[in-house]
Amino acid sequence: MQLSTLLLILIAMAVISFMLGRRRSIAVAGGYGSIRKLHSLPKYYGYYVAIWCGLPGVLLILLWLSVSESLIMSQVIASLPSELRELPESQLGLVVNDIKNLAAGQFINEQRGADVAVAAELYSSLQASARWILSGLMIAVGLVGSAYAWTRLQPRLRARNQVEGIIKVGLILASTVAILTTVGILLSVLFEAVRFFQKVPFTDFLFGLTWSPQTALRADQVGSSGAFGAIPLFAGTLLISAIAMVVAMPIGLMTAIFLSEYASSRVRAWVKPILEILAGVPTVVYGYFAALTVGPLLGDIGALLGLNVASESALGAGLVMGIMIIPFVSSLSDDVINAVPQAMRDGSYGLGATQSETIKHVILPAALPGIVGGGLLAVSRAIGETMIVVMAAGLAANLTANPLEAVTTVTVQIVTLLVGDQEFDSAKTLAAFALGLVLFIVTLLLNVVALQVVRKYREQYE
Amino acid sequence: MSDQPDMNEFSARSPDTLERVRVGLAARYRRERRFRMYGLMSTCLGLLFVLFLFVSIISNGYTAFWQTQVRLEIDFDAQLIDPDGTGDAKIIGSANFDKLVRTAVGQLFPEVTDRRGRRSLNRLMSAGAGFELREMTLADPALIGTRQTLWLPADDEVDMLIKGYIDRDVPEGSRRIKDQQILWVDALIADERIERQFNTDFFRLGDSREPELAGIGGAIKGSFFMLVVTIALSFPLGVAAAVYLEEFAPKNRWVDVLEVNINNLAAVPSIVFGLLGLAVFINFFGLPRSAPLVGGLVLTLMTLPTIIIASRAAIKSVPPSVRQAALGVGASQMQTVFHHVIPLAMPGMLTGAIIGMARALGESAPLLMIGMIAFIVEVPGTPLEPSTALPVQIYLWADSPERAFVERTSAAIMVLLAFLLVMNGAAIWMRKRFERRW
Amino acid sequence: MAVAEQAHKVTNTDKASAVPPPAPRKPDSPVMSAVPESAAPELAPDPGKYETIGDVTATDPVLTVRDCNVYYGDNHALQHVNLDVGRNQVVALIGPSGCGKSTFIRCLNRMNDTIDTARVTGELKLHGEDINSRETDVVLLRARVGMVFQKPNPFPKTIYENVAYGPRLHGLASNRAELDEIVHGSLQRAGLWDEVKDRLDDAGTGLSGGQQQRLCIARTIAVNPEVILMDEPCSALDPIATAKIEDLIDELAQNYAIAIVTHSMQQAARVSQRTAYFHLGKLIEVDQTDKVFTNPSHKLTEDYVTGRFG
Ligand SMILES: Nc1ncnc2c1ncn2[C@@H]1O[C@H](COP(=O)(O)OP(=O)(O)OP(=O)(O)O)[C@@H](O)[C@H]1O
Ligand SMILES: [Mg+2]
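Per-chain numbering applies: the sequence of each chain, read as written, is numbered from 1 onward. Working convention: letters from A go to chains and numbers from 1 go to ligands, in the order in which they are written. A pLDDT threshold of at least 70 governs which residues receive local features in this predicted model, and a stricter bar of 80 or more applies before side-chain atom pairs are shown or counted, although totals over entire chains, interfaces and linings include all residues. Heavy atoms from the whole structure form the basis of all side-chain values; hydrogens and water molecules are not counted.

S.K.: Kindly report on the overall build of chain A, identifying the contributing residues and their values.
M.R.: In this text, helices come from DSSP runs of H or I with a minimum length of four residues, and strands from runs of E with a minimum of two, each type numbered from the N-terminal end. Scanning chain A from terminus to terminus reveals 17 helices and two strands. For chain A, the C-alpha radius of gyration of 31 Å lies well beyond 23 Å, the compact-globule estimate for 462 residues. Based on the C-alpha atoms only, the size of chain A along its principal axes is roughly 85 × 70 × 35 Å. Partly exposed residues are those whose accessible area sits between 20% and 50% of the maximum for their type, while under 20% is buried and over 50% is exposed, using a 1.4 Å probe and protein chains only. Here chain A, with 462 residues, has 51% of them falling under the buried criterion. In this description, contact between two residues means that some pair of their heavy atoms is separated by no more than 4.5 Å. By sequence separation, contacts in chain A at least 24 residues apart represent 73% of the contacts at least 6 residues apart. For chain A, the accessible surface area stands at approximately 20,400 Å², while carbon and sulfur atoms represent 66% of it. Charged side chains in chain A number 28 positive and 27 negative. The centres of these two groups are separated by 22 Å. Put simply, the radius of gyration uses C-alpha atoms, and a globule should come to 2.2 Å times the residue count raised to 0.38. Where accessible areas are quoted, they stem from the Shrake-Rupley method and a 1.4 Å probe; at the residue level, only the protein chains shown are allowed to cover. Under the counting rule used here, the positive set is Lys and Arg, the negative set is Asp and Glu, and His together with the chain ends is not counted. Charged side chains are reduced to one point each, which is NZ for Lys, CZ for Arg, CG for Asp and CD for Glu.

As structure tokens, then:
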């Protein structure tokens, strides 16, 4: 039975339980006329029964989903002939994949003979019976649940409170998803990164000056020969982010100033949404723009000036990233500039300051913490930006400060290491997680500091 | 300096003060103008970037919505398609429809007889022409044995030539299309056998190595499945979390942590969510790679903070008086929330959700991590089949060297931007429509 | 932050406008471009033109105002006001809330330029020079006509920098020593020197409310203006701080022409020589202060000063 059918059955059962429960509650109250004897409205008794019917079933399905696969697979593996069963883990994984693919009716690239086919048969049949067991179990649990709830229906039952209690638990669970996500990110990245650091010393990674993960593959000797010094990546990331900030910060800030202090409301009403379009454009579009238009353009300009600009120069990627960040900086700056009280401006104008003097000497200093916070957020954005650099920055891990050369970044390397054929457990793949860990920690720190600064600033003027 | 200011100081010093102020004025106004100029220039620069971006993409891409077609007289030769007249779809399906196309093209230029000439002549037509004939015949077997005049797609090089992207003055060696082929194309044009027609295939088909057969149909379907999964999970979860945090959560450390965590999560780079998806959904739970379901799950986690923040703002804007009124007539807190607060906050929450979806639709980095960049020709039928997504398709095509793919990439971007524009427009409309001042 | 960019942004979009617009609209361009309408021909003279009771002129006038009107959009907030402010004279402006007192004094140094919807007409002169004309340089004007606001609004800078701000802008000191002297003198005349002389480098916002207001006064007189406008300078202060400021005003009156808005009749009586009573945008009565308070001529004035109204 398909999972979706099973869910439909469960829903149907819950709906029926709801109606029965409601009817029953009216009956135990002694008919419609005496509904007021009930503690709660009849529909809450309906929900009560429905929850008793559906919730255990849902929990059962979740449990089944999380354990059945590994249970079945362990049985299948146990049935394999010993020469397959005793393969090293990584190769066993390939066999397992073959079994699954064969069972799913796909062709497998390499025939391992009849053993795999037999195992696939077993796998399919085990799975089928497991599903039947699950279906039977679920229906039984649902029936038992609603029957139990049914017998408990009395006018005194505080059905509403119970139902509301369960809803509240649901709400709490929903709000912990965000925490679970953070924990999940941290654990998954940390777990793989630790495995990476078992192969490559932590200090080599953090302070090494050469990055060439590919050699590790060729030498067929993981970890010991590949160079995993991440300094060139960090340097490249910083270079591109710095170029982006040099573009975005002044333009974004001046735009915010112009729009909030100088422009008439008509101009503002038109220009702001147009600039916000820049914020809504997907980064892959910027990446394409950088590779297709800006890269060649910079090359031409460089040729005119007699400079040699790499086709995937840091400058091109940084420039486009800067364009992407402009609206981000300008809307954050706009917020903080608007938060500066009018009284401050009045005080300055009242002394005979011109508008630019007021902005430069009063508004900007007052807004500085907010602007710095916004800037930090923008930096964290630039560091974590992926598509633009994947498409417009190079792969070569050059350690250089020359923006006309190609550099690579942390995110580019994560993508190249994880896209395409990957073997798990190779230092090459695990390195991506180590880089991810660094990226996560750095951006997290930046965000925490930035949000704190911005919040402090907000409170100051509230 | 303890001397008291004397009575006459005002009259004595005032002219001096005035004079000094006056002396500096010109320079100050110059600075003022310059500063204003910088502001204006920055703003214009920003607008210019928008213009540049759009012009560059539209000018590169708008032609992709048309495809060059060639009018051919196709002889649905029964001998070739279904020699025994079985009408069996299997037999018809495996017939050599390319040969029908080749024959029809050959008839137009009977003077070409040598093998090389024939081959280069055949290359004028797209491989898709044969497919199209096959589909037609399968749909309507009565065509077998008849002779039809049909418009069939030309090869992408011919398409580029017709659209003017190929410079005829470039030496023959450095372009894909040869002089002889250009002569044939000119002959076809003279014969009014070439026309540009609206490119429905582009919206219908999946990916392909042949530009004229590559479409965004598969990618759109994949993106659609992903968004369905994302909205179905992230909206209820986000609203529930926001309701809890705004209405029920006690003010304690745990909730503070939750809040800081949500704000930070909203600023975590999207690629990190991709790593999470790879490690947890694919490697740990064993969900299939490249499936829109997994993409949807990852995007759910990514958009959740956005939706929570927007929903909280919407709930906050419902005035306490509404709650007090409901509580006052004896509603429980839960009833107050579900009957009054959530309905009143719904427009704001939906606006936030749409904006989150727009962001999810444009996201590609995490999808690369979970393998949604496979080359997939079939249009997916369920969220569990391997698929790609619209932005990822753009990324894939962006790497292709053919000029025809440049056009298609830009066109795909235009489609993506159109979707985003509609979504953001809807959000703005909704905000305007349901905006309420308490 | 709108940005939970993120969505706060929807973004921009994230985020289109999560932040409410600032309460008073930002100045379109208060300094350079907002040109007051010197004439509003489309506005026919108010049929309800009235006579101000008392003598609106002063013997040695610094400021002369004739037929001043202010419109906020369609709201005719100030109607046909005539009033002079004499040298070394303190004029108190009193009247019920919303009658246009602030509006009036904000005309005198063109602070109304910072309000988009405000339009000022009439003949306003400082030493015979037109205040309200297109050609008038507002920077110069505001250097000559300083203003102290209702709520103390020191800049988020040090005490020293607060006072030095104006002189620096206008280039009134050619070296540090001169600037020190200006700062010292201004703080001293504002009666704040002794309290802050040891912490000139502390933040101005760290002072008490009364000290902040005196700092704002010091900041104003550091530019050495000819006229000082004060809009309810004591309304945010306690009686002791108020008394200090009142003493200060007395002192300052020896050197400056002062127009002060106040809600306190006692304060008006204590500090001013002349008092002007405004009512619903009209200047009802102007006279010597003791005359206005002891023997007002107009019924409305009498009602107001005797506390029957307002
Ligand atoms: N920025 C503005 N925009 C529109 N109308 C305004 C503005 N400022 C003041 N007004 C209107 O002008 C009229 C006079 O206001 P004004 O602030 O001058 O009164 P006021 O006498 O200073 O009152 P208060 O004693 O309360 O300070 C009021 O009706 C007010 O609503
Ligand atoms: Mg006022």
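On we go from here.
S.K.: Kindly report on unusual backbone geometry, identifying the contributing residues and their values.
M.R.: Of note, Ser290 of chain B is a non-glycine position whose phi angle comes to about 65°, a positive value. For Glu232 of chain C, which is not glycine, the phi torsion reads 45° and is therefore positive. Tracing the chain through its elements places Glu232 of chain C in the loop between strand S7 (227-231) and helix H7 (239-252). Take Glu232 of chain C: its relative accessible area is 11%, and that puts it in the buried class.

S.K.: Please set out the interface of chain A and chain B residue by residue, giving values where relevant.
M.R.: Each partner contributes residues to the interface: chain A has 76 residues there, and chain B has 72 residues. Summing both sides of the interface, chain A and chain B together bury roughly 6,600 Å²; the carbon and sulfur share of this comes to 78%. Just to be clear on terms, a salt bridge is a Lys or Arg side-chain nitrogen sitting within 4 Å of an Asp or Glu carboxyl oxygen. Our count for the contact surface shared by chain A and chain B stands at one salt bridge. The shortest N-O distance in the salt bridge between Glu357 of chain A and Arg28 of chain B comes to 2.7 Å. As used in this structure description, the phrase polar contact means that two N or O atoms lie within 3.5 Å; if the pair is within protein, one of them must be able to donate a hydrogen and the other to accept it, and residues adjacent in sequence are counted only when both atoms belong to side chains. Counting across the interface, chain A meets chain B through 15 residue pairs in polar contact (both at pLDDT 80 or more). With 18 residues, the single largest contributor to the side of chain A that touches chain B is helix H6 (residues 159-199) of chain A. The term buried area refers to how much accessible surface (probe radius 1.4 Å) is lost by two components on association, counted for both of them together.

S.K.: Before we move on, can you summarise the confidence of the model for chain A with the specific residues and values?
M.R.: Detail in the predicted coordinates should be disregarded across regions flagged by low pLDDT. Residues and elements named next belong to chain A. The pLDDT value expresses, per residue, how confident the predictor is, ranging between 0 and 100. Per-residue pLDDT for chain A has a mean of 84; in total, 92% of the residues score no lower than 70. Predicted confidence in chain A is weakest over helix H8 (residues 214-218), with a mean pLDDT of 50, and strongest over helix H9 (residues 231-262), with 94. In the predicted structure, residues 215-219 sits below a pLDDT of 50 and forms ten contacts with residues beyond four places in sequence or in another chain.

S.K.: Please set out the domain arrangement of chain A residue by residue, giving values where relevant.
M.R.: Each domain of chain A was delimited in the assignment, giving domain 1 (3-155), domain 2 (158-199) and domain 3 (227-461). Here the C-alpha centroids of domain 1 of chain A and domain 3 of chain A sit 48 Å apart. These domain boundaries are the output of an automatic or database domain assignment.

S.K.: Give a detailed account of the nonpolar core, specifying residues and quantitative values.
M.R.: Nonpolar core, defined: a set of buried Ala, Val, Leu, Ile, Met, Phe, Trp, Tyr and Cys residues in which side-chain atoms within 4.5 Å join the residues together. Phe196, Ile325 and Ile414 of chain A together with Leu187 of chain C are the most contacted members of the largest nonpolar core, which has 252 residues in total. Top contributing element to this core by residue count: H9 of chain A, with 17 residues. Those residues within four positions of Leu187 of chain C in sequence are excluded, and the remaining contacts are Ile159, Val163, Leu192, Trp193, Val196, Leu200, Leu215 and Ala218 of chain C.

S.K.: Which residues make up a nonpolar patch on the surface, and what values go with them?
M.R.: Residue and element names in this part refer to chain A. The patches described consist of residues with a relative accessible area above 30% and no salt bridge, like charges being joined within 9 Å and nonpolar side chains (Val, Leu, Ile, Met, Phe, Trp, Tyr) within 5 Å. A contiguous nonpolar patch, built from Leu8, Ile11, Val15, Ile16, Met19, Leu20 and Trp150 and spanning about 650 Å² of accessible area, is present on the exposed surface. Among the elements that make up the nonpolar patch, the one with the highest residue count is helix H1 (residues 3-29) (six residues). By the secondary structure assignment, Leu8 is in helix H1.

S.K.: Which residues make up the packing of aromatic side chains, and what values go with them?
M.R.: In summary, the pairing rule links any two rings of Phe, Tyr or Trp, Trp by its six-membered ring, whose centres are within 6.5 Å, and it sorts them by plane angle into stacked for under 30 degrees, edge-to-face for over 60 and tilted for everything else. A complete count under the given rule lists 25 aromatic pairs over all chains for this structure. Both rings, one in Trp66 of chain B and one in Phe198 of chain B, keep their centres 6.5 Å apart while their planes meet at 90°; by these two values the pair is edge-to-face. A residue pair is termed long-range when its members are at least 10 positions apart, and Trp66 of chain B in strand S1 (residues 66-75) and Phe198 of chain B in strand S3 (residues 194-198) qualify at 132 residues. According to the relative accessible area criterion, Trp66 of chain B is partly exposed, its value standing at 37%. Residue class for Phe198 of chain B comes out partly exposed when judged on its relative accessible area of 48%. Centroid distance Phe202 of chain B to Phe203 of chain B: 5.4 Å. Interplanar angle 75°. Geometry classified as edge-to-face. By relative accessible area, Phe203 of chain B is classed as partly exposed at 31%. Any Lys NZ or Arg CZ that is within 6 Å of a ring centre and within 35 degrees of that ring's normal is treated as a charge sitting over the ring. Above the plane of the ring of Phe375 of chain B lies Arg209 of chain B, whose end atom (NZ or CZ) is 3.7 Å from the centre. Looking at Arg219 of chain C, its charged tip hangs above the ring of Phe155 of chain C, at a distance of 4.3 Å from the centre.

S.K.: Tell me about the confidence of the model for chain C, and name the residues and values.
M.R.: Residues and elements named next belong to chain C. Mean pLDDT over chain C stands at 81; residues scoring 70 or higher make up 84%. In this model residues 1-45 is a low-confidence stretch, pLDDT under 50, and it forms 123 contacts with partners more than four residues away in sequence or in other chains. With a pTM of 0.83, the predicted complex shows an ipTM of 0.87.

S.K.: Could you give me a rundown of the site of ligand 1, with the residues and numbers involved?
M.R.: All names here are of chain C. Taken together, 13 residues are adjacent to ligand 1, and Ser97, Gly98, Ser102, Thr103 and His263 come closest. Within the backbone of Cys99, a nitrogen or oxygen atom sits 3.3 Å from an oxygen atom of ligand 1. Broken down by secondary-structure element, the contributors of at least two residues to the shell around ligand 1 are strand S2 (75-86) and helix H1 (101-108). Among the elements that take part in the shell around ligand 1, H1 stands out by supplying three residues, more than any other. Partitioning the shell around ligand 1 into residue classes produces four nonpolar, seven polar and two charged. In these notes, residues near a molecule or strand are those with any non-hydrogen atom within 4 Å of it. Each residue receives one of three labels: charged for Asp, Glu, Lys and Arg, nonpolar for Ala, Val, Leu, Ile, Met, Phe, Trp, Tyr, Cys and Pro, and polar for the others, Gly being one of them.

S.K.: Please give an account of a positive patch on the surface that cites residues and values.
M.R.: Taken together, Lys360 of chain A together with Arg30, Arg31, Arg33 and Arg34 of chain B make up a surface patch of like positive charges. Element by element, the count of residues in the positive patch is highest for helix H1 (residues 9-61) of chain B, at four residues. Relative to the elements of secondary structure, Arg31 of chain B occurs in helix H1. Given the relative accessible area of 37%, Arg31 of chain B is considered partly exposed.

S.K.: I'd like to hear about the packing of helix H16 (residues 410-418) of chain A against helix H12 (residues 270-284) of chain B, residue by residue, with values.
M.R.: At a minimum axis distance of 11 Å, the contact between H16 of chain A and H12 of chain B shows a crossing angle of 25°. Taken together, the axis directions place H16 of chain A and H12 of chain B in an arrangement best described as roughly parallel. For the element pair H16 of chain A and H12 of chain B, the recorded crossing hand is left-handed. Counting all contacts with H16 of chain A, which are made through Thr411, Ile414, Val415 and Leu418 of chain A, the residues of H12 of chain B involved are Ile271, Leu275 and Leu278 of chain B. Its residues assigned to classes, the contact of H16 of chain A with H12 of chain B shows six nonpolar, one polar and no charged. Here an angle of 0 to 180 degrees is reported between the N-to-C directions of two axes, which are lines fitted to C-alpha atoms, with helices fitted over the stretch in contact. In what follows, roughly perpendicular refers to angles from 65 to 115 degrees, roughly parallel to angles under 35, roughly antiparallel to angles over 145, and oblique to any angle outside these ranges. Left-handed describes a crossing in which the near helix is turned anticlockwise from the far one by less than a right angle; the clockwise case is right-handed.

S.K.: So what about the sheet that holds S3 of chain B? Which residues, and what values?
M.R.: Residues and elements named next belong to chain B. In this description, strands pair whenever DSSP reports at least two bridges between them. On the basis of which strands lie adjacent, the open sheet formed by three strands has the order S2-S1-S3 and antiparallel pairing. Each end of this open sheet is capped by a strand with a single partner; those strands are strand S2 (147-153) and S3. Each strand axis lies, on average, 40° off the axis of its neighbour in the sheet, ignoring direction. Across seven bridges, the pairing between S1 and S2 is antiparallel. Bridged to Arg71 within S2 is Trp151. Along the sheet face, helix H4 (residues 97-108) touches S1 and S2 and points at about 85° away from the line of S1.

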